[in-house]
Amino acid sequence: MHREHIRATPLWRCRGACYDTVLIDTEDSADSINGMDVAQVLCFFPFPFLGNMFPCALVHWYKCIGSQPDNITGVWMVHPSFEDDGSRKLSVIRLDSVFDAVHLLPMFNNSNPIHPALNFKNSLDAFKGYYVNKFADHHSFEILS
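Below or above, wherever it landed, is the structure these notes cover. (Residues numbered from 1 in each chain as written. Predicted model: local features only at pLDDT ≥ 70, side-chain atom pairs only at ≥ 80, totals over all residues. Heavy atoms only, no water.)

**Let's talk about the state of the cysteines**
Filter applied, for reference: Any pair of cysteine sulfurs within 2.5 Å is marked as a disulfide. For the exposure calls, accessible area comes from a 1.4 Å probe over protein chains only, and a residue counts as buried if that area is under 20% of its type's maximum, exposed if over 50%, partly exposed in between.
Under the counting rule described, the total for this entry stands at zero disulfides. No disulfide involves Cys 43; its sulfur sits 10 Å from that of Cys 56, the nearest cysteine. The class of Cys 56 is buried, set by a relative accessible area of 6%.

Dropping the structure here:
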């Protein structure tokens, strides 16, 4: 893979916000997916420090559900991470820690119907958990298996 587009924009194709999800290399083996964590990119920005510019991103973290992939589906599961006061768990990261884009699939609840207002703009806020789709492409399958 030579290049991949990761979007973090409040208006994409005149339809609404688009904030992509990514795998971030945290080199943490506990509570992570092969040393990587999932996050949603909210903003890209440069950070000047001592005459150097560091490309950074503001991210909302997702936390793994369990310490291994789901026994039935074979894929990792995550849920949005929040602070004790209910606000999103956010961090500023360097862009060189972003490993790859990742596709999340919602965990549907059989007892509740899907709201008609659900769309791509609000789908990452509408569910309590998500499957990390290792079948999105060959690269994802290699990383997440």
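**Details of the packing of aromatic side chains**
What counts, and what does not: Think of it this way: a Phe, Tyr or Trp ring, Trp meaning its six-membered ring, pairs with another when their centres are within 6.5 Å, and the plane angle makes it stacked under 30 degrees, edge-to-face over 60, tilted otherwise.
Going through the model one piece at a time under the given rule, you end up with four aromatic pairs. Plain terms: the ring middles of Phe 127 and Tyr 130 are 6.2 Å apart, the flat faces sit at 80° to each other, and that makes the pair edge-to-face. Judged by its relative accessible area of 15%, Phe 127 is buried. Judged by its relative accessible area of 1%, Tyr 130 falls in the buried class. Centroid distance Phe 135 to Phe 141: 5.9 Å. Interplanar angle 35°. Geometry classified as tilted. Taking the relative accessible area as the measure of exposure, Phe 135 reaches 55% and is therefore exposed. Within the aromatic cluster, the residues linked to one another by ring pairs are Tyr 62, Phe 108, Phe 127 and Tyr 130.

**What to know about a nonpolar patch on the surface**
Quick reminder of the rule: Excluding any residue in a salt bridge, patches collect residues exceeding 30% relative accessible area, merging like charges within 9 Å and nonpolar Val, Leu, Ile, Met, Phe, Trp and Tyr side chains within 5 Å. Accessible areas in this description were obtained via Shrake-Rupley with a 1.4 Å probe; residue shielding takes into account the shown protein chains only. The term salt bridge refers to a side-chain nitrogen of Lys or Arg lying within 4 Å of a carboxyl oxygen of Asp or Glu. Numbering of helices and strands runs from the N terminus, with a helix taken as a DSSP run of H or I at least four residues long and a strand as a DSSP run of E at least two residues long.
Together, Phe 47, Phe 49 and Leu 50 make up an exposed nonpolar region whose accessible area comes to about 360 Å². Tracing the sequence through the fold places Leu 50 in the loop between β4 (36-49) and β5 (52-64). For Leu 50, a relative accessible area of 74% gives the class exposed.

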